[in-house]
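What follows is the residue order along each chain.
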Amino acid sequence: METAPVIWVRRGGLAVLGLGAVGLLFFAAATVGQFPVSFGDVARILWEGVTGLPQDVSDRARAVVMDIRVPRLASALLVGLALSAAGATYQAVFRNPLVAPDILGVTSGAGLGAVLAIFLSLPVAAIQGMAFVFGLGAVTLVYAVSRAVKGAHDPILVLVLAGVVIGAVMGAGIAVLTYLADPYDQLPAITFWLMGSLAGVTFSDLGNAWPAVALGLGPLFFLRWRVNLMSLGDDEARALGVDTERLRLLLVICATLATSSVVAIAGTIGWVGLIIPHMARFVVGPEFSRLLPATILMGSVYLLGVDTIARAATTVEIPLGVLNAFVGAPLFLWVLARARLSWR
Amino acid sequence: MALEIETRALATGYPNHPVGRDMNLTIAGGRVTALLGPNGCGKTTLFRTLLGLLKPQGGQILIGGDDLARLSRGEVAKRAAYVPQVVEGYFPFTVLDVVLMGRAPHLGAFSAPGAEDRRIAQGALDELRITDLARRPFTAISGGQRQLVLIARALAQQAPVIFMDEPTASLDFANQFHVLDCVRRLAGAGRTIVVSSHHPDHALRFADRAVLMKAGGILAEGPTAQVLTGPALSDVYGMPVRIAEVAAGMGEAVCVCVPDPHTSAD
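What you are looking at is a predicted structure, and each value in this text was computed from that prediction instead of being measured.

Caption draft 1: The arrangement of the overall build of chain B in detail. Broken down by element type, chain B carries nine helices and twelve strands. The principal-axis extent of the C-alpha atoms belonging to chain B is close to 60 × 45 × 35 Å. Within the span of chain B, comprising 266 residues, buried residues form 52% of the whole. A separation of at least 24 residues holds for 64% of the contacts in chain B among residues at least 6 apart in sequence. When the 25 basic and 25 acidic side-chain charges of chain B are each reduced to a single mean position, those positions are 6 Å apart.

Caption draft 2: Structural detail: the packing of aromatic side chains. What the rule picks out here adds up to nine aromatic pairs over all chains. For the pair F47(B) and F163(B), a centre-to-centre distance of 5.3 Å together with 75° between the ring planes defines the contact as edge-to-face. Of this pair, F47(B) sits in helix 1 (residues 43–50) while F163(B) sits in strand 7 (residues 161–165), and the two are 116 residues apart along the sequence. For the pair F47(B) and F163(B), a shared accessibility class is recorded, and that class is buried. Grouping aromatic residues by their ring pairs yields a cluster made of Y90(A), F94(A) and Y143(A). One Lys or Arg, R224(A), reaches over the ring of F221(A) and ends 4.3 Å from the middle of that ring. The ring of F138(B) carries the charged tip of R146(B) above its face, separated from the ring centre by 5.9 Å.

Caption draft 3: Highlighting the nonpolar core. Counting 155 residues, the largest nonpolar core has Y90(A), F94(A), L104(A), I269(A), V99(B), M164(B) and I193(B) as the members making the most contacts within it. Among the elements that make up this core, the one with the highest residue count is helix 3 (residues 59–93) of chain A (18 residues). Taken domain by domain, this core gets at least three of its residues from each of domain 1 (5–228) and domain 2 (234–265) of chain B. Dropping the residues within four chain positions of it, L104(A) is found in contact with Y90(A), F94(A), V99(A), A138(A), V139(A), V142(A), L159(A) and G163(A). If you look at the next biggest cluster of nonpolar residues, it comprises 26 residues, including L10(B), F47(B), L53(B) and V161(B).

Caption draft 4: Here's a closer look at the interface of chain A and chain B. Listed as interface residues are 30 residues of chain A and, on the opposing side, 37 residues of chain B. Interface area, chain A with chain B, both sides summed: about 3000 Å², of which 63% is carbon and sulfur. For the interface between chain A and chain B, the tally reads three salt bridges. R153(B) is the partner of E236(A) in a salt bridge, and the nearest nitrogen-oxygen pair spans 2.7 Å. In this structure, the connection of chain A to chain B is made through eight residue pairs in polar contact (both at pLDDT 80 or more). Only helix 3, helix 9 (224–230), helix 10 (234–239) and helix 14 (320–343) of chain A provide two or more residues apiece to the side of chain A that touches chain B. Looking at side-chain class alone, the side of chain A that touches chain B contains 14 nonpolar, six polar and ten charged residues.

Caption draft 5: Molecular detail of unusual backbone geometry. Residue and element names in this part refer to chain B. Within the chain, D22 stands out as a residue other than glycine whose phi angle is a positive 50°. When you line up the elements, D22 lands in strand 2 (residues 17–27). Look at D22 and you get exposed, because its relative accessible area is 55%. With a phi close to 40°, E166 is a non-glycine residue in the positive phi region. Residue classification places E166 among the buried positions, given a relative accessible area of 14%.

Caption draft 6: Geometry of the environment of S234(B). Residues and elements named next belong to chain B. Structurally, S234 can be placed in helix 9 (residues 230–237). Placed 26 residues apart in sequence, S234 and D260 show a C-alpha to C-alpha distance of 9.0 Å. The contacts of S234, once residues within four sequence positions are left out, are M239, P240 and V241. Reaching out from S234, the side chain makes a polar contact with the backbone oxygen of G230 at a distance of 2.7 Å.

Caption draft 7: Up close: the pairing of strand 1 (residues 5–14) of chain B. Residues and elements named next belong to chain B. Bridge count between strand 1 and strand 2: seven bridges; the pairing is antiparallel. Within the sheet, the bridge partner assigned to E6 lies in strand 2 and is T26. In terms of strand pairing, strand 1 meets strand 4 (residues 58–63) through five bridges, oriented antiparallel. From the neighbouring strand, R8 faces strand 4, where its bridge partner is Q60.

Caption draft 8: Looking closely at the environment of L54(B). All names here are of chain B. Along the chain, the position of L54 falls in the loop between helix 1 and strand 4. You can call L54 buried: its relative accessible area is 12%. Remark: the alpha-carbon pair of L54 and A140, spanning 86 residues in sequence, is separated by 32 Å.

Caption draft 9: Seen up close, the environment of R48(B). Along the chain, R48(B) turns up in helix 1. When the C-alpha atoms of R48(B) and Y82(B) are compared, they prove to be 9.4 Å apart, with 34 residues separating the residues in sequence.

Caption draft 10: Local environment of helix 11 (residues 244–266) of chain A. Residue and element names in this part refer to chain A. For helix 11, with 23 residues, the first-to-last C-alpha span of 33 Å sits near the 33 Å given by 1.5 Å per residue. Of all the 23 residues making up helix 11, 18 are buried; the element is thus mostly covered by neighbouring parts of the structure. After helix 11 finishes, the residue G267 shows a positive phi value of roughly 80°.

Caption draft 11: Representation of the pattern of salt bridges. Residues and elements named next belong to chain A. Evaluation of the coordinates by the stated rule reveals 22 salt bridges over all chains. Between R62 and D59 there is a salt bridge whose closest N-O contact spans 2.9 Å. With R62 and D59 both in helix 3 and three residues apart, the pair spans about one turn of that helix. With a relative accessible area of 23%, R62 lands in the partly exposed category. Ionic pairing is found between R248 and D234, a salt bridge with its closest N-O pair at 2.8 Å. Placement of R248 in helix 11 and of D234 in helix 10 is noted, with a sequence separation of 14 residues between them. Each of R95, D234, E245 and R248 takes part in one network of salt bridges that share partners.

Caption draft 12: Highlighting the sheet that holds strand 1 of chain B. One open sheet accounts for four strands, arranged 2-1-4-5 (chain B); its pairing is antiparallel. The strands lining the two open edges of the sheet, one partner per strand, are strand 2 and strand 5 (66–67) of chain B.

Definitions and limits used
Residues numbered from 1 in each chain as written. Chains lettered and ligands numbered in written order. Predicted model: local features only at pLDDT ≥ 70, side-chain atom pairs only at ≥ 80, totals over all residues. Heavy atoms only, no water. Helix = DSSP H or I, 4+ residues; strand = E, 2+ residues; numbered from the N terminus. Buried < 20%, exposed > 50% of the residue type's maximum accessible area, 1.4 Å probe, protein only. Contact = heavy atoms within 4.5 Å. Lys, Arg positive; Asp, Glu negative; His and termini not counted. Charge placed at Lys NZ, Arg CZ, Asp CG, Glu CD. Phe/Tyr/Trp six-rings, centres within 6.5 Å; stacked < 30°, edge-to-face > 60°. Lys NZ or Arg CZ within 6 Å of the ring centre and 35° of its normal. Core = buried A, V, L, I, M, F, W, Y, C linked by side-chain atoms within 4.5 Å. Domains from an automatic or database assignment. Buried area = accessible area lost by both parts, 1.4 Å probe. Salt bridge = Lys/Arg side-chain N within 4 Å of Asp/Glu carboxyl O. Polar contact = N/O pair within 3.5 Å; in protein donor to acceptor, adjacent residues only side chain to side chain. Nonpolar A, V, L, I, M, F, W, Y, C, P; charged D, E, K, R; others polar. Pairing = 2+ DSSP bridges. Expected span 1.5 Å × (residues − 1).

By themselves, these figures tell us nothing about what the structure is for.
Laid out in C-alpha cells, this is it:
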C-alpha cells in the first residue's frame, strides 16, 4: 500500500504539472489573435503588469494584451472551472450522471434573472444577485418536481425531463423580456449576452464574479470527501451519519452560486458542465477529492482552448456558443458511448 | 462490547399511516437475530426505525441502554451500521473507496480518510477475504461480491451493531451461503447482527435468535428453533408448512421449512 508522503508528493507533482500546463496555455493564447504579439512582448507586458516596471513594448500591443486578451483569457478560465465544478457537484448530489447546470435549468434560470435585471436597468451587482436567486429557484423547482413524481421507474430520466421542462419555462420568460425590451438600448445587450460570449468581459466584471465563484467552490473543496457520500442512497448516507438534506442544500447552493456568477458575466454557456466532469471521471475516477481538482483543471483548459479557437481561427470571430456546441456535442456522444457501460 | 437493543411499546410507520404497533423486543448482544415475516408485515419499516432513519410513532428504542431519539445522526452511526440490499451504483467507485466511506462517522466534516482509516478498511476487506478486489470498480464486480463489499463497509464503520437488509436477496445459490457464512463469522467477534430474511431455512441455519412478525406486530421472539416452528410459520405465511429434518451426511442434520403435504392450502 502507498504511504501518505508518496501520495502527497504525487498529488503535489500533478498539481504543479497541471497548473504549469494552464499557465503555458494562457501564455500561448495571449500571443494569438487578429493582432499578433510575439512571445517576448507578451512576457514583457505581463511582467510589466505584475511588477509595474515599464517595459519597452508598443502601446498597441500593450492595449491588446492587457485590455482585451488577459481579461478574456482569465474569464475563460473562471467560467470553465466554475461550470465544470458545478456540473460535477450536481452529478454527485443528484446521483445522476446526466445532469449539469444547463440541464437542471440553472443556466436558463440564472439567464432569466440576469435578463430581468438588464430589462429593469439594474446595476451589475443586482444582475449577479438576480441570476443567483433565479438559478437557485430553477434547480429547486426541478428537484421538487422530480421528487413529486412518485414511484418513477427511472429517477435519472425524471430529473432530466423536469430540467428540460423548467428550462423551457425559463426560456419562455427570457423570450417575453426580449420581446418587450427596448430595441435600441437593452435588446442588443440581452441578445449578445444570451449567445454566451467572453468578448465583453472586463476586469471589473471579473472582479465582481471571482469572489462569488470562490465563495461557491470553497465549501466544495473543504467538503470534497463528504460529497462522495451523497452519491450513495439517502438511507445509506444517513446511516453513515450524514445529514443528507442539509448537505444537499449546501452543495446545491454552492454549485448554483458558482454557476450563476459566471452566467451573469458571460451569458449562457452550455456543455462544459456536462462533458468535463465525465472526461475527468474517465481520467481520475469518481472519487470527489480527486475528481474536483481534475474537473477544475480540465474545465478551465477546455474553455480557454475553445474560446481561443473561436477568437483566432478565422478572420471573423466565431460565436463561442456555436463553436462550443460543435465541439461539445460530439465529445458528449463519445462520453455517452464509453460511459454507459460503467454506469450500470 | 456487545450492545443490546431493546424496544418498549414501539410504534412504527408514518403520521397518517401506522405500520407497526406495541412492539416489545430484546435483540440480544453478540448474537445473530433473524427478522422474518411476510411481505408488508412491517419488517423494513421496523428496520429503518431501529436505524434511526424513520421517527418512531410511539414508544422507545434503547440501544446499549441509551435512548435512540437522544442520539445524533453521527452517534447512531458509530453504534449501528446498515448493510443495504445490493443496488447498482451509477459511479464506478473502487471497492476500497466504497469501504472507506464506512469511516464517515469517525471523520470530521472537512476531513478525508487518513492512513489509519485505510488500514481499517484494508482490515475489513481481509476479514471478508476480498482483499484482491480493493482496486476493482464497484460497478464491475458480481452481485455477491458487492454484498460482501457493503458488509466490509459496515465493518469499517466499527459499529457494534450491524443491520443487514435481506443480504441474500438476488444472490445465486453459492453466494447466499458464502454471505451467510460471513455473517456467522462476524457474530463470533462479539458483534450484534440483525438480519431481515425471507428464508426460514437460512434463519434456521445461521441465526441464534429469531423474531417473527405478522401484520405490524411481533408474533414470537426467542431462540430460533423455538420460534420458527411449523405452526408459527404456517400462521405467519398463511400457508401450511412444517419443519423437516434432512440428513446432510456425516451425521449432521439440517432443518428446512417445507410446504406441508398433508394439509390443503384452504
